[in-house]
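# Working through the structure, step by step
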Amino acid sequence: MDLQLMKLRKMAGYKNRDDFAEKLGVNKYTYRSWESGAAMMSLEQAYNVTEVLGCTLDELCGRKVERSFADPDQAALNGYYESMNERGRATLVESARLMSDGDSVRIEKDGAEDAGIQTAMGA
């Protein structure tokens, strides 16, 4: 299994592993052993990690989950998003939000809210 713990931790903005261990409520040495691969975590511990990191168990285990989109443009946009760092993702989401505010590009004026779309900026 190709545990992606360090990569996902850093992508989520946790630069320090000891601080992340504290956030999880586990001993820093326990966490370090998980990240280094010296010890395995239980399913419950893995679930707790995914809850804090906002990822899936598949992502944590290094399993590449391919998402499919009927619209090739949506697939391309998702690919761009996934290839960006946190700053790039926030910029892309904000750009899409600003564009969707224009009546000429919206299906319905309030379509985004009706569809349950939430932005990273909280708008």
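Read on for an overview of the structure.

### Some remarks on the packing of helix α6 (residues 72-83) against helix α7 (residues 86-100)
Relative to each other, α6 and α7 sit at 145°, their axes nearing to 8 Å. Contact with α6, carried on its side by Leu77, Tyr81 and Glu82, involves Arg89, Leu92 and Val93 of α7 and no other residues of that element. Here the contact of α6 with α7 is built from residues that sort into four nonpolar, no polar and two charged.

### Notes on the pattern of salt bridges
Overall, the coordinates contain five salt bridges when judged by the stated rule. Among the salt bridges present, the one from glutamate 94 reaches arginine 97, with a minimum N-O distance of 2.7 Å. Here glutamate 94 and its partner arginine 97 are both found in helix α7, three residues apart, which amounts to about one turn of the helix. Close ionic contact of aspartate 101 with arginine 97 constitutes a salt bridge, the shortest N to O distance being 3.3 Å. For aspartate 101, a relative accessible area of 45% gives the class partly exposed. Connected through shared salt-bridge partners, Glu94, Arg97 and Asp101 make up one network.

### Topic: the packing of aromatic side chains
The relation between two aromatic rings is expressed through the spacing of the ring centres and the mutual angle of the planes. According to the stated counting rule, one finds three aromatic pairs in the structure shown. Ring plane angle 75° and centroid distance 5.4 Å describe the contact between phenylalanine 20 and tyrosine 31, whose orientation is recorded as edge-to-face. With a gap of eleven residues between them, phenylalanine 20 in helix α2 (residues 17-24) and tyrosine 31 in helix α3 (residues 28-36) connect regions that are remote in the sequence. Both residues of the pair, phenylalanine 20 and tyrosine 31, count as buried. Relative to tryptophan 34, the ring of tyrosine 31 has its centre 6.2 Å away and its plane inclined at 70°; by these criteria the two rings are edge-to-face. Placement of the pair is tyrosine 31 and tryptophan 34 together in helix α3, with a separation of three residues, close to one helical turn. We note that tyrosine 31, like tryptophan 34, is buried. Following the ring pairs from residue to residue traces out a cluster consisting of Tyr14, Phe20, Tyr31 and Trp34.

### Here's the deal with the nonpolar core
Core analysis: the largest hydrophobic core is formed by 13 residues, its most contacted members being Leu5, Tyr31, Trp34, Met41, Val49, Leu53 and Leu60. Contributions of two or more residues to this core are made by α1 (5-11), α2, α3 and α4 (43-53). Setting aside residues up to four positions removed in sequence, tyrosine 31 forms contacts with Leu5, Arg9, Arg17, Phe20, Ala21, Leu24 and Val26.

### Some details on α7
With 15 residues, α7 should reach 21 Å at 1.5 Å per residue; the first-to-last C-alpha distance of 21 Å fits that figure. Looking at where α7 begins, the residue whose side-chain oxygen comes 3.1 Å from the main-chain nitrogen of arginine 87 is asparagine 85.

### Some points on α3
Among all positions of α3, only Tyr31, Ser33, Trp34 and Glu35 are buried. In this structure, the buried residues of α3 make contact with α1, α2 and α4. Residue asparagine 27 occupies the N-cap position of α3, its side-chain oxygen lying 2.6 Å from the main-chain nitrogen of tyrosine 29. Immediately downstream of α3, the backbone of glycine 37 shows phi near 85°, a positive value.

Quick notes on the rules
- Each residue is numbered by its place in its chain's sequence as written, counting from 1.
- Under the rules for a predicted model, residues below a pLDDT of 70 receive no local features and side-chain atom pairs below 80 are neither given nor counted, while totals for whole chains, interfaces and linings still include all residues.
- Side-chain calculation: all heavy atoms of the structure are included, whereas hydrogens and water are not.
- Axes, fitted as lines to C-alpha atoms, cover a helix only where it is in contact. Angles between the N-to-C directions of the axes lie from 0 to 180 degrees.
- By the criteria applied, helices consist of DSSP H or I runs no shorter than four residues and strands consist of E runs no shorter than two, each listed in order from the N terminus.
- Only heavy atoms matter for contacts: two residues are in contact if any of them lie within 4.5 Å across the pair.
- Under the scheme applied, nonpolar residues are Ala, Val, Leu, Ile, Met, Phe, Trp, Tyr, Cys and Pro; charged residues are Asp, Glu, Lys and Arg; polar residues are all the others, including Gly.
- Salt bridge criterion: a side-chain nitrogen from Lys or Arg within 4 Å of a carboxyl oxygen from Asp or Glu.
- Throughout, exposure labels follow a simple rule: accessible area from a 1.4 Å probe, protein chains only, divided by the maximum for the residue type, with under 20% read as buried, over 50% as exposed, and the rest as partly exposed.
- Any pair of Phe, Tyr and Trp rings, taking the six-membered ring for Trp, is counted once the centres come within 6.5 Å. Such a pair is stacked with planes under 30 degrees apart, edge-to-face with planes over 60 apart, and tilted for the rest.
- What we call a nonpolar core is a set of buried Ala, Val, Leu, Ile, Met, Phe, Trp, Tyr and Cys residues that are connected through their side-chain atoms within 4.5 Å.
- One less than the residue count of a helix, multiplied by 1.5 Å, gives the span that helix is expected to have.
- Pairs of N or O atoms are called polar contacts if they sit within 3.5 Å, as long as, within protein, a hydrogen donor faces a hydrogen acceptor (for residues adjacent in sequence, only side-chain-to-side-chain pairs).

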